[in-house]
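If you want the building blocks of each chain, they are given just below.
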Amino acid sequence: MDVQDGLGPGPATKITYIDGRPTTLTLRRCQLALLRGEELKEYVFERDVVTLGAMEDNDLVVDDETVSRNHCRIVREGDQYVLVDNGSTNGTFINRVRIREAFLQPNCTITLGKTDIRFQPIDEKLRIVPSDRERYGDIIGRDRSMREIYTILEKIAPTDTTVVIEGETGTGKEVVARTIHQQSRRRDGPFMVFDCGAVPENLIESELFGHEKGSFTGAVGTRLGVFEMANGGTVFLDELGELQLDLQPKLLRVIEQREVKRVGGGKPIKVDVRIVAATNRDLEAAVRAGRFREDLFYRLTVVRLRLPALRERKDDVLLLARHFLSHGRFNRDRLGGRKVSDFSADVLERLVEYEWPGNVRELHNVVERSVSFAEGDVVELEDLPDHIAYPRRGESLSEQTNPHVVLPEGAAPADLAGPFKDAKEAWIASFEADYIAKLLEKNGGNISHAAKEADIDRKYFRKLMKKYGIHADRE
């Protein structure tokens, strides 16, 4: 039995997994009842941080001259709530006892100035029953695991709940994040993507939080960061596990205070964003190893959503492949019609049998590649990469049938195991070699014609041939 509890008390809103399947969604919210004489107003908040004060940018605006502008905040920590005074003038009280920071108990009374507020946590446990949908937003799949995810998203997408999406590379984490945004009340706001692993270390802070003019060499003007640009919308932090340790407290500040400080700036700037993050790393292991802050882990993993690998949802392979064929711009002719209409029976069989180490992204690339090689309106076996079309032999069709083209002895498909960078280089090399060989085959070994069709210089085409040991007998 595999039950997700996390490190310590667990997230405020959580999904319980048993034997790898989501079974229960627990939604935790808090209710604040504002008491003014005989008048009672109730507010329910799904945020992990709720701000209270006299200023209009607070979640709960308290119209009381004895209340400070940003008086206090309520922070969820696991399955408990903490009340934190923000240095208010007249103090924050729980059951008439002044506090600086204290845990809140159900039905307790919070007092700000002359205003009493009754606090009550609300728990809602929902059994996860697979949806009847075959897609949700831009997410496609009819496998049970995907339909369970749709049920979860239907509940959490409309809220401001912070979500961390876990899954292997290529499983569609950004598609899920974008769908969450599109199904939320923030759909008309910006959707900003920030890849924590793709930006140079010396630029990450500036990209995330912005900078002031002259704050460092090259800062010729003021620049808004991702969080400011996403105000009113959603920030998608991809490759979250790659975020530098020294930047993690600053991200924590954004979540807790909902404000940023630009590099070289002293004034905090309020931001209103929802955070959705993605990782293919084990964040719990990173916390235990000291590479990821435990407090940030809890703030971010309000909901942890696991995406299955494509090999775990084989029933969706053909559904996705035909979707890419129907909607891909790569499958359009000059008049806007479809170049390729379907896959042959042999191709369908190979697509289902293959294990897809690169997941949905790899499937999309394979479909796009096969369309570019297809000569008719149906993708045939020889249009697929050799390691998928001929998994037992690992040899190309060119080696068997075309006397004008000779591939290097022992040529084999790219090995996708190992580090991402190495696997990526191997995949590109495999594509280039296969592409050059197939074009030569298609053009009867004529290098000039093949280079012209590829729309690359003939000298560069020959350079690629030399790189991969491919020979042809015609210029």
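If you're wondering where the values come from, they're calculated on a predicted model, not measured in any experiment.

A.B. asks: When you look at the overall build of the chain in this model, what are you seeing that I'm missing?
C.D. replies: Along the backbone of the chain there are 15 helices and 25 strands. Every one of the 475 residues in the chain was classed for burial, and the buried ones make up 50%. Considering only contacts in the chain between residues 6 or more positions apart, those separated by 24 or more positions represent 60%. Total accessible area on the chain stands at roughly 23,200 Å², and carbon and sulfur atoms take up 47% of it.

A.B. asks: Got a minute to help me understand the packing of helix H8 (residues 317-327) against helix H10 (residues 359-373) in this structure?
C.D. replies: Between H8 and H10, the least distance of the axes is 10 Å, while the angle of their chain directions is 50°. If you check the angle between H8 and H10, you find them oblique. Relative to H10, the crossing made by H8 is right-handed. Each of Val317, Leu320, Ala321, Phe324 and Leu325 in H8 lies in contact with H10, whose residues at this interface are Val360, Leu363, His364, Val367 and Val371.

A.B. asks: Would you mind showing me how to read the packing of aromatic side chains here?
C.D. replies: By convention here, two paired aromatic rings are described through the distance between centres and the angle between planes. Evaluated as defined, the whole model comprises eight aromatic pairs. When the centroid spacing of 5.4 Å and the interplanar angle of 65° are considered together, the rings of Tyr81 and Phe119 count as edge-to-face. Here Tyr81 is found in strand E7 (residues 80-85), whereas its partner Phe119 is found in strand E12 (residues 115-127), with 38 residues between them in sequence. As far as burial versus exposure is concerned, Tyr81 and Phe119 are alike and both buried. Among the aromatic side chains, those forming a connected cluster through ring pairs are Phe373, Phe431 and Tyr435.

A.B. asks: How do you make sense of the side chain of Ser131 when you look at a structure like this?
C.D. replies: Mapping Ser131 onto the fold places it in the loop between E12 and strand E13 (135-136). Look at Ser131 and you get buried, because its relative accessible area is 9%. Apart from the residues within four sequence positions on either side, Ser131 is in contact with Arg147, Tyr150, Thr151 and Glu154.

A.B. asks: What should I look at first to understand the sheet that holds strand E6 (residues 72-77) in this one?
C.D. replies: Hydrogen bonds along the backbone pair up the strands of a sheet, which may run parallel or antiparallel. Read from one edge to the other, the open sheet built from five strands follows the order E5-E4-E6-E7-E10, with strand pairing classed as mixed. Taken across any chain shown, the strands that pair with only one partner, and hence form the sheet edges, are strand E5 (60-61) and strand E10 (101-103). Note that E6 and E7 share six bridges and pair antiparallel. Residue Arg73 lies in a different strand from E7, and its bridge partner there is Val84.

A.B. asks: Would you explain the environment of Glu148 in this entry?
C.D. replies: Inspection of the secondary structure puts Glu148 in helix H1 (residues 144-156). Note: C-alpha distance between Glu148 and Pro22 (126 residues apart in sequence) is 7.3 Å. Those residues in contact with Glu148 that lie beyond four places of it in its chain are Arg21, Pro22, Ile128 and Pro130.

A.B. asks: Where do I start with unusual backbone geometry in this structure?
C.D. replies: When glycine is set aside, most residues are seen to have a negative phi, and most peptide bonds are trans. The phi dihedral of Arg96 is positive, around 70°, even though this residue is not glycine. By the secondary structure assignment, Arg96 is in the loop between strand E8 (92-94) and strand E9 (97-99). Assessed through its relative accessible area of 56%, Arg96 is described here as exposed. Positive phi values are uncommon outside glycine, yet Asn107 reaches one of about 65°. With respect to the helices and strands, the residue Asn107 is situated in the loop between E10 and strand E11 (109-112).

A.B. asks: Help me understand empty space enclosed by the protein in this model?
C.D. replies: The rolling of a water-molecule-sized probe over the atoms marks out the regions of remaining empty space. Going through the model one piece at a time under the given rule, you end up with five cavities of 30 Å³ or more. One number sums up the size of the largest cavity: a volume of about 150 Å³. The wall of the largest cavity is formed by Arg47, Asp48, Val49, Asp160, Thr162, Arg186, Val254, Ile255, Arg258, Val273, Arg274 and Ile275.

About the cut-offs
- Along every chain, residues carry numbers that run from 1 in the direction the sequence is written.
- Since the coordinates come from a predicted model, pLDDT governs what is reported: local features require at least 70, and pairs of side-chain atoms require 80 or more to be given and counted, while whole-chain, interface and lining totals use all residues.
- Excluding hydrogens and water, the side-chain figures rest on all heavy atoms present in the structure.
- Helix and strand assignments come from DSSP, with helices taken as H or I runs of at least 4 residues and strands as E runs of at least 2, each series counted from the N terminus.
- Using a 1.4 Å probe on the protein chains alone, a residue whose accessible area is under 20% of its type maximum counts as buried, one over 50% counts as exposed, and one in between counts as partly exposed.
- Throughout, a residue-residue contact means that at least one pair of heavy atoms, one from each residue, lies within 4.5 Å.
- Per-residue and other accessible areas follow the Shrake-Rupley method at a 1.4 Å probe size, with only the shown protein chains counted as cover for residues.
- Here, axes are lines fitted to C-alpha atoms. For helices the fit covers the stretch in contact, and angles between N-to-C directions go from 0 to 180 degrees.
- Orientation categories follow fixed angle ranges, with anything under 35 degrees roughly parallel, anything over 145 roughly antiparallel, 65 to 115 roughly perpendicular, and all other angles oblique.
- Should the near helix be turned counterclockwise from the far one by less than a right angle, the crossing is left-handed, whereas a clockwise turn marks it as right-handed.
- Aromatic pairs are defined between Phe, Tyr and Trp rings, using the six-membered ring for Trp, whenever the two ring centres lie within 6.5 Å; interplanar angles under 30 degrees are classed as stacked, those over 60 as edge-to-face, and all others as tilted.
- When DSSP finds two or more bridges between two strands, those strands count as paired.
- Cavity and pocket criteria rest on a 1 Å grid covering protein atoms alone: a 1.4 Å probe that fits but cannot get out defines a cavity, protein on both sides within 12 Å along at least 5 of 7 lines defines an open pocket, and an atom within 4 Å of a point defines a lining residue.
- Grid points are joined across faces, edges and corners, and a volume is the space filled by probe spheres set on the points.

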